[in-house]
Each structure stands twice: as C-alpha cells, then as structure tokens.
Amino acid sequence: MMETVVSGIRSTGKLHLGNYYGAIKNFLKMQDEYNCYFFIADYHSLTTHPMPADLHGNVKQVLVEYLAAGIDPEKATIYVQSDVPEIPELYLFMNMNAYLGELERSTSFKDKVRSQPDNVNAGLLTYPVLMAADIIIHKATKVPVGKDQEQHLEMARTFGNRFNRMYNTEFFPEPYAFSLGQSLIKVPGLDGKGKMGKSEGENNAVYLSDSPEIIRKKVMRAVSDSGPTEENQAKPEAIQNLFDLLKLVSEESTYTHFDDLYNKCQIRYGDLKKQLAEDMIIATAPVRERINDIAADSAYLSKVAALGAEKARESASKTLREVREIIGFRKF
Ligand code: TYM
C-alpha cells in the first residue's frame, strides 16, 4: 500500500526560505510518489491570538504560496485544518492520554514560556497533541518537516503508541520526521545566530514574496565580521550561516570559490553577500512570479480549498469512526 504523508505550516503570514527548504521542497518531490496531505495549520496559529481581521488573510497567504511553490491539488490533498472538525475531536481524545510533565518538557513549549511570558496558554502546552492529531488522523508514516520539528514527531509517536497500548491495538502507525535529502534541514537566519524564523525580527528572514530589491537589502545587512585572520580557521556562527545559505541556493562551484577565499584569508564578505542575494533571487523567482496571479484568482482558491476539505474529511472521518469504536462509544 502507498505510504501516507502529512505535513503542515502554521498560518502566521508569509513563508520564508526556512519553510521552503525545510518543508515545501520535500512536499514537491513527495507529491508524485506518496499519498500526500498538506494543510494550513490555522488552529495552531491561535496560540498567538491573531486579530480576527488577519486570520483569513494569513490562511490565504499560505494557500497561495503552497500553490505558487508548485504543490499540485490534483496530486496532493491541500486543505485548511479548521475545515476538518475530526482533527479537534481526535485532539480531545489524545489530550486524555497526554501528561502535564511531558508537555512541559517540550523544547518548543519552554521557548514560548520564555518568549511570551504573558501568554502561556493551555493551547501552547498541548500544541504537540494537536500536531499529533493532525498526523495520525490520516495514519501517516512520513512527515516532511525541518529539524526544529523533530521533537514534536517523537511526541506524536509517543501519543499514538500510548493509544495503541491502552486499547491493545495496532491502530496508529509510527510517524517519522522525513527529508528526501540525507538529513532534516535547519536554515539559518541573517542575524548571525540561530534559525530563520518569523518571530526573530523582520531582517532575519527572507520571504518567498520579497522583491529582489528587498532580498538584496536584507542580505547586504546580514551579520558578518571583520574576516578571518588565520588560514583555514574555523568559521564563527554568523559566517557559517552565510555559507550554509550559499550551500542551499548557489552552485557548488560558488560555494567552493568563497570557501577557498575564506581559507586563504582573502574573502570579502560584500562579494559573498552580493552573490548570495543574486542566487536567492534566482532560486525564488519561479515562486515569487506566480504569487500575485494566484492570489488574484479567488474562484480557483475556493475550488482548491473545497476539494481539499472534502478529500481530507473523507480520510479523517474514517479514522475517527474507528477511533470512537475502539474507545467504546456506542449509539443508543
Ligand atoms: P512552522 O509553521 O513553524 O514551520 C513550517 C515548516 O517549516 C519548517 N521550518 C524550517 N525548516 C528549516 N529551517 C528553518 N529555519 C525553518 N523554519 C521553519 C518547519 O520545520 C516546518 O516543517 N508545528 C508545525 C506546523 C504543524 C505541522 C503539523 C507540521 C502543525 N501540525 C503536522 C507537520 C505535521 C510548525 O509550527 O511549523
């Protein structure tokens, strides 16, 4: 039987190169070979309390960018999470077997407690349970995501296995984080530290919808340093990040060229950044050029969302019917 793949992206606005290289590039390759469900996680976005006026626009943005990137609604099921009420029902069941201690130990929860101390809501705590429900509702085994989601996948396996043990069944298969490349990807940001992300400030992330001028501006401002002083010296984080970005978007010979210059202490970061910006512009052009046209086609977007919702509900309702039976719900 064909393996099932599920993945999603939170609807918190524009997609950046981290989302693209960490997740979407894999979606594109997988849609030809697997039974794929790609969705827009709008329930997950509620943990940060978006304004009602922004919610729909954010969902639309991700839907448009999925399509612009080349996800094909004829091949994969593309849907909005909140169109599938079976997901929150499964989330409710899974919450009964998710324990406070393990949820509090999740790295993403601890990060949020630090970054938004005024809004440590229960939705944040049970975020991994909702994510597990998203995945196991279609009995997926492969989940194309970036490196930052690995722990969430481990938790999804824990919850699914716990259900299986509790009801003495082998109902849910184990889902694993997956990348078609050799390993899960972490795309660095432009601020010299850590990963590319939406919440790390405007200048850290390059968005798929950024114009070439904006990309050039952001990359030229990326954090670097005054250059190596010894030959073959190890690269500090900010510089390693620039090289990691080159590796993603540039030809191998470009990477080697700058790496050689670095090792000989002859590198000029201005030249590297100029090349990096141009290669980013080329790499994102096919997506960028389709965004506006797709965004303007409301009829197409409605059709895609409606078709996706129908297909996703078909699969989700089958799982949920069986789950209810296993748990012991009976009709009077
Ligand atoms: P989110 O919205 O934060 O990110 C969406 C996808 O993009 C990847 N990603 C990155 N990959 C590499 N480098 C980066 N700098 C980078 N930034 C983001 C993420 O790993 C992710 O694959 N919890 C998920 C959304 C979700 C989900 C799911 C995913 C909800 N339910 C079920 C898979 C299956 C999230 O917050 O992703």
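Here the structure is a predicted model, which means the values were calculated and not measured. (Residues numbered from 1 in each chain as written. Predicted model: local features only at pLDDT ≥ 70, side-chain atom pairs only at ≥ 80, totals over all residues. Heavy atoms only, no water.)

A. Structural detail: the overall build of the protein chain. Counting its secondary structure elements, the protein chain contains 14 helices and five strands. Radius of gyration (C-alpha) of the protein chain: 21 Å, near the 20 Å computed for a compact globule of 332 residues. Structurally, the protein chain occupies a C-alpha span of about 80 × 45 × 45 Å along its principal axes. Burial status across the protein chain gives 50% buried among its 332 residues. Sequence-distant contacts in the protein chain: of pairs separated by 6 or more residues, those separated by 24 or more amount to 78%. (Helix = DSSP H or I, 4+ residues; strand = E, 2+ residues; numbered from the N terminus. Rg over C-alpha atoms; globule rule 2.2 N^0.38 Å. Buried < 20%, exposed > 50% of the residue type's maximum accessible area, 1.4 Å probe, protein only. Contact = heavy atoms within 4.5 Å.)

B. Local environment of the side chain of Lys 142. Inspection of the secondary structure assignment puts Lys 142 in strand E4 (residues 142-144). At 3.0 Å, the side chain of Lys 142 forms a polar contact with the side chain of Glu 3. When sequence neighbours within four positions are dropped, the list of residues in contact with Lys 142 reads Glu 3, Thr 4, Val 5, Val 6, Met 30, Tyr 34, Tyr 176 and Phe 178. (Polar contact = N/O pair within 3.5 Å; in protein donor to acceptor, adjacent residues only side chain to side chain.)

C. Main features of unusual backbone geometry. Within the chain, Lys 139 stands out as a residue other than glycine whose phi angle is a positive 55°. Mapping Lys 139 onto the fold places it in the loop between helix H8 (127-136) and E4. You can call Lys 139 partly exposed: its relative accessible area is 30%.

D. Layout of the pattern of salt bridges. Taken as a whole and judged by the stated rule, the model has 13 salt bridges. One salt bridge in this structure joins Asp 148 and Lys 195, with 3.1 Å as the shortest N-O distance. Of this pair, Asp 148 sits in the loop between E4 and helix H9 (150-166) while Lys 195 is found in the loop between strand E5 (176-178) and helix H10 (212-220), placing the two residues 47 residues apart along the sequence. For Asp 148, a relative accessible area of 44% corresponds to the partly exposed category. (Salt bridge = Lys/Arg side-chain N within 4 Å of Asp/Glu carboxyl O.)

E. Summary view of the site of the ligand. Not every one of the 26 residues close to the ligand is listed here, only the nearest: Arg 10, Tyr 127, Asp 134, Asp 148 and Val 187. The contact in question runs from an oxygen atom of the ligand to an N or O atom on the side chain of Arg 10, over 2.6 Å. Within the contact set of the ligand, an oxygen atom lies 3.1 Å away from a side-chain nitrogen or oxygen of Asn 19. When the ligand is considered free in solution it has 710 Å² of accessible area, and contact with the protein chains removes 97% of it. Going through the elements one at a time, strand E1 (4-10), helix H1 (17-30), strand E2 (35-41) and H8 are the ones with two or more residues in the shell around the ligand. Residue classes in the shell around the ligand are distributed as twelve nonpolar, nine polar and five charged. (Near = heavy atom within 4 Å. Areas by Shrake-Rupley, 256 points an atom, 1.4 Å probe, with all protein chains shown as cover. Nonpolar A, V, L, I, M, F, W, Y, C, P; charged D, E, K, R; others polar.)

F. Up close: the nonpolar core. Formed by 60 residues in total, the largest nonpolar core has its most connected members in Ile 24, Tyr 66, Phe 243 and Met 280. Per element, the largest residue contribution to this core is nine residues, and it comes from helix H13 (residues 269-296). Ignoring any residue separated from it by four or fewer positions in sequence, one finds Tyr 66 in contact with Ser 7, Gly 8, Ile 9, Ile 24, Phe 27, Phe 38, Phe 39, Ile 40, Ile 71 and Ile 78. Counting 39 residues, the second-largest nonpolar core is a separate cluster that includes Ile 87, Tyr 91, Ile 135 and Val 145. (Core = buried A, V, L, I, M, F, W, Y, C linked by side-chain atoms within 4.5 Å.)

G. Geometry of the packing of helix H3 (residues 52-69) against helix H14 (residues 298-327). Packing of H3 against H14 leaves a shortest axis separation of 11 Å and a crossing angle of 90°. Compared by their axis directions, H3 and H14 come out roughly perpendicular. Judged by residue contacts, Lys 60, Leu 63, Val 64 and Leu 67 of H3 engage Tyr 300, Leu 301 and Val 304 from H14. Here the residues of the contact of H3 with H14 are counted per class, giving six nonpolar, no polar and one charged. (Axes fitted to C-alpha atoms, helices over the stretch in contact; angles between N-to-C directions. Parallel < 35°, antiparallel > 145°, perpendicular 65-115°, else oblique.)

H. Highlighting the environment of Lys 247. Its place among the elements puts Lys 247 in helix H11 (residues 237-249). The exposure class assigned to Lys 247 is exposed, which follows from its relative accessible area of 56%. When the C-alpha positions of Lys 247 and Asn 292 are compared, they lie 28 Å apart, and in sequence the two are 45 residues distant.

I. Spatial organisation of the packing of aromatic side chains. As enumerated under the stated definition, the model contains eleven aromatic pairs in all. Relative to Tyr 255, the ring of Phe 243 lies with its centre 5.6 Å away and its plane at 85°, an arrangement referred to as edge-to-face. In this pair, Phe 243 sits in helix H11 while Tyr 255 sits in helix H12 (residues 252-263), placing the two residues twelve residues apart along the sequence. Looking at Lys 139, its charged tip hangs above the ring of Phe 171, at a distance of 3.8 Å from the centre. In this structure, Lys 247 is placed above the aromatic ring of Tyr 255, and the distance from its NZ or CZ to the ring centre is 4.3 Å. (Phe/Tyr/Trp six-rings, centres within 6.5 Å; stacked < 30°, edge-to-face > 60°. Lys NZ or Arg CZ within 6 Å of the ring centre and 35° of its normal.)

Treat this as a map of the structure, not an account of what it does.
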